[in-house]
There are 2 protein chains.
Amino acid sequence: MITLVDSSLRDGMHSVRHQFSPEHVAAVAAGLDRAGVDVIEVSHGDGVGGSSIQYGRAAFSDAELIEAAAGGVARARIAALLLPGIGTLRRLTEAQRLGATVARVATHCTEADIAEQHIAWAAEHGMTAVGFLMMSHMIDASQLADQARLMESYGASVVYIVDSAGALVPRTAAERVAALRDALLAETAVGFHAHNNLGCGVGNALAAADAGATWLDGSLRGLGAGAGNAQLEVLAAALERSGHATGAELFPLMDVAEEVVAPLMPRPQIVDRTALSLGYAGVYSSFLLHAERAAAKFDVEPRAVLMELGRRRIVGGQEDMIIDAAAELADRTAPAQTGSSPGA
Amino acid sequence: MITLVDSSLRDGMHSVRHQFSPEHVAAVAAGLDRAGVDVIEVSHGDGVGGSSIQYGRAAFSDAELIEAAAGGVARARIAALLLPGIGTLRRLTEAQRLGATVARVATHCTEADIAEQHIAWAAEHGMTAVGFLMMSHMIDASQLADQARLMESYGASVVYIVDSAGALVPRTAAERVAALRDALLAETAVGFHAHNNLGCGVGNALAAADAGATWLDGSLRGLGAGAGNAQLEVLAAALERSGHATGAELFPLMDVAEEVVAPLMPRPQIVDRTALSLGYAGVYSSFLLHAERAAAKFDVEPRAVLMELGRRRIVGGQEDMIIDAAAELADRTAPAQTGSSPGA
């Protein structure tokens, strides 16, 4: 049985510049609840406490939104996302008080250790503690399994492979799920959070389910950062056709997507050139503007700069290295000097 | 090595109500050719000779469009689609004279035998003869393999599994490809044509490649009937990330999608409620209006009618059975008569 998690009201926040109101949240959550979706994630796009000039100011507080969601549901569990360094334990305490029963604690895929106190606190205080390993394409399956084991050791009962850049394909998604499934205790669930930059949002989630993942994220109409998530109502149908049961009822789920979420979307979630380039390069979307500037300065193709950043495995905080990458690329691609004869 | 086939100028015709001009066709074909796409399909959406009141009047003749495409390419091969019963041999002769070197002959998945003369003619006249088994989800893998063998026996050097309704998922797509791969001669290629109704356009094409398909269709920005096709520029990137080489260059392919095709699209190709319902039910999109009318008449859920049509495996030409299906559904879902005690 698959536990379906909707991220329309958290990852989808990126698509609406964190402007969802308590009324929006209550309506979407009520629709998801009626359709039998198990878990509904509600927070600023960058997790509780993310509202800021740097990450984008939200129109309403996390507290107001979590309370609205919790008030709108009868069966579904409410989840809050927390990125240590952006959100603090105080935010998690508040989220729990307002009705969140699932804590999703997210770190870069190599930094599980910074989640220790938050995962432990959640587990000790009766929440379902979920570890969330972001940018999971950047390390191989066995390294990822090591990080997942750390999160499990802190008390996580679910550990997610998060394809933040949408850079995985079914084969590489399945490898990672299989490695975590092997490495973790039988009672620890493996989750998968997809992005659609390579058109594989639904395909990767299906491959993850086939490989043993039992918690799967999606969002209505695909609402989410970049090219968006696995489209939840579509994923539910495809899971059923693939022999994986979910508790969701498909027609009500389609209806909330079409009637409640679609009218709130500023633009459809498509895979445009930018989204595809980021997924193909496997880099943070925030690198795009830096890469374009650096490319213009050194007269190289911006997408070649993105590819170079992907090869160098540059992560957030290392933006100064983008100029270096563009400069070296310009050197490498400069026409060979004339004058020396071939073979000299 | 994968042979990439672009269907933007044939399946994509459905999305623009068959209104592409020779100038549009030449620009798209030239862009695809520069990007190294192997085969470019050009025809009315329902194949050569499809322009009619029933199938939609095209703005220009197939001849004008094929000639424009052939004139715009240096390396790519031009393909024309023909549905026996809609198009005739005369159309195929004309297409060849104007520069088409690939003939794609399409039938319903159980009716390969009606393609005999067209496939044989193409093979005998130096064209690459391709058999196209539409609505391939409606029969199982071994039945499909029997039909593929028929097409091979007529002279097809490639046989396609065509997921016209977008009803397959990676597992069921791979099963069908494996069955054809087993049944056909080693020198006969297996092809896969996806639709995205279950969000699996790219995922199914990747699964098909893993299972041995070497001809894969897609279209730029997903342009095509229903929820659209596998998005070609995205598929090319995902194939590369999955270890399947194509001859395509990714950046020029992205550019023609973004700069030439996107501006011509009347709407983005998304998976909306209607497209998802059709894919989930596995029925022809032309049934939608009939199902909605019948549902209204008998006061049942239109999507339940579509599901019933899928279960009954109704095909085009059997539209009169839609009323029957709705009536029976109404009987079945009517509240039980009161008066008789439980257990009586």
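The structure under discussion appears in the preceding block.
The rules we used
Residues numbered from 1 in each chain as written. Chains lettered and ligands numbered in written order. Predicted model: local features only at pLDDT ≥ 70, side-chain atom pairs only at ≥ 80, totals over all residues. Heavy atoms only, no water. Helix = DSSP H or I, 4+ residues; strand = E, 2+ residues; numbered from the N terminus. Phe/Tyr/Trp six-rings, centres within 6.5 Å; stacked < 30°, edge-to-face > 60°. Buried < 20%, exposed > 50% of the residue type's maximum accessible area, 1.4 Å probe, protein only. Lys NZ or Arg CZ within 6 Å of the ring centre and 35° of its normal. Disulfide = S-S within 2.5 Å. Axes fitted to C-alpha atoms, helices over the stretch in contact; angles between N-to-C directions. Parallel < 35°, antiparallel > 145°, perpendicular 65-115°, else oblique. Left-handed = near helix turned anticlockwise from the far one by under 90°. Contact = heavy atoms within 4.5 Å. Nonpolar A, V, L, I, M, F, W, Y, C, P; charged D, E, K, R; others polar. Buried area = accessible area lost by both parts, 1.4 Å probe. Salt bridge = Lys/Arg side-chain N within 4 Å of Asp/Glu carboxyl O. Polar contact = N/O pair within 3.5 Å; in protein donor to acceptor, adjacent residues only side chain to side chain. Pairing = 2+ DSSP bridges. Least-squares fit on C-alpha atoms with pLDDT ≥ 70 in both. Core = buried A, V, L, I, M, F, W, Y, C linked by side-chain atoms within 4.5 Å.

A. Structural view of unusual backbone geometry. Residue and element names in this part refer to chain B. Positive phi is not limited to glycine here, since Arg17 has a value of about 50°. As for its placement among the helices and strands, Arg17 is situated in the loop between helix 1 (12-15) and helix 2 (22-34). A positive phi angle, close to 55°, is found at Arg313, a residue other than glycine.

B. Inspection of the packing of aromatic side chains at higher detail. Per the stated rule, a full pass over the model turns up 4 aromatic pairs over all chains. Geometrically, the ring pair formed by B:Phe132 and B:Tyr160 is tilted, given 5.1 Å between the ring centres and 50° between the ring planes. Residue B:Phe132 is located in strand 5 (residues 128-134), and its partner B:Tyr160 is located in strand 6 (residues 158-162); the two are separated by 28 residues in the primary sequence. For the pair B:Phe132 and B:Tyr160, a shared accessibility class is recorded, and that class is buried. Judged by centre distance (5.7 Å) and plane angle (65°), the ring pair of B:Tyr284 and B:Phe287 falls under edge-to-face. Owing to a relative accessible area of 25%, B:Tyr284 belongs among the partly exposed residues under this scheme. The buried category is assigned to B:Phe287, whose relative accessible area is 0%. Over the face of the ring belonging to A:Tyr160 we find A:Arg104, whose NZ or CZ atom lies 4.9 Å from the ring centre.

C. A look at the state of the cysteines. Overall, the coordinates contain 0 disulfides over all chains when judged by the stated rule. Of the cysteine sulfurs around B:Cys109, a residue in no disulfide, the closest is that of B:Cys200, at 19 Å.

D. Geometry of the packing of helix 12 (residues 302-311) of chain A against helix 13 (residues 321-333) of chain A. Residue and element names in this part refer to chain A. Following both chains from N to C, one finds helix 12 and helix 13 inclined at 115°, their axes separated by 9 Å at the closest point. Overall, the two elements helix 12 and helix 13 adopt an arrangement that is roughly perpendicular. As helix 12 packs across helix 13, the resulting crossing turns out to be right-handed. Residues Ala304, Val305, Glu308 and Leu309 of helix 12 form the contact with helix 13, whose participating residues are Ile322, Ala325, Ala326, Leu329 and Arg332. Residues belonging to the contact of helix 12 with helix 13 are distributed by class as follows: 7 nonpolar, no polar and 2 charged.

E. Representation of the interface of chain A and chain B within the structure. Taken together, the 39 residues of chain A in the interface contact 39 residues of chain B. Summing both partners gives a buried area of about 3,500 Å² for chain A against chain B, and 61% of it is carried by carbon and sulfur. Here chain A is connected to chain B by 8 salt bridges. Across the pair B:Asp255 and A:Arg273 runs a salt bridge whose closest N-O atoms are separated by 2.7 Å. Counting across the chain A and chain B interface gives 20 residue pairs in polar contact (both at pLDDT 80 or more). Where the side of chain A that touches chain B is concerned, the elements lending two or more residues are helix 6 (170-183), helix 7 (201-210), helix 8 (232-241), helix 9 (250-261), helix 10 (273-281) and helix 12 of chain A. Grouping the amino acids of the side of chain A that touches chain B by side-chain chemistry returns 19 nonpolar, 7 polar and 13 charged.

F. Looking closely at the sheet that holds strand 2 (residues 39-42) of chain B. Residues and elements named next belong to chain B. Pairing is parallel in the closed barrel, where 8 strands are placed in the order 1-2-3-4-5-6-7-8. Neighbour-to-neighbour, the strand axes of this sheet turn through a mean angle of 25°, independent of strand direction. Two strands pair when backbone bridges link them, and strand 6 and strand 7 (residues 189-193) are joined in this way by 5 bridges, in the parallel orientation. Its bridge partner being in strand 7, Tyr160 is matched across the sheet by Gly191.

G. Region of interest: the relation of the copies chain A and chain B. For the pair chain A and chain B, the superposition axis carries a translation of 0.0 Å, the fit reaches an RMSD of 0.0 Å, and the rotation angle comes to 180°. Each copy turns onto its partner about a two-fold axis. For chain A, the minimum C-alpha distance to the rotation axis belongs to A:Gly203 and amounts to 2.3 Å. Mapped onto chain B, 100% of the interface residues of chain A are again interface residues, and the two copies thus contact each other with one and the same surface.

H. Here's a closer look at the nonpolar core. Formed by 118 residues in total, the largest nonpolar core has its most connected members in A:Leu216 and A:Leu253. The residues contacting A:Leu216, other than those within four sequence positions of it, are A:Ile2, A:Thr3, A:Leu4, A:Val5, A:Tyr160, A:Phe192, A:Ala205, A:Ala208, A:Ala209, A:Leu235 and A:Leu239. Counting 117 residues, the second-largest nonpolar core is a separate cluster that includes A:Ala295, B:Ala35, B:Val48 and B:Ala238.

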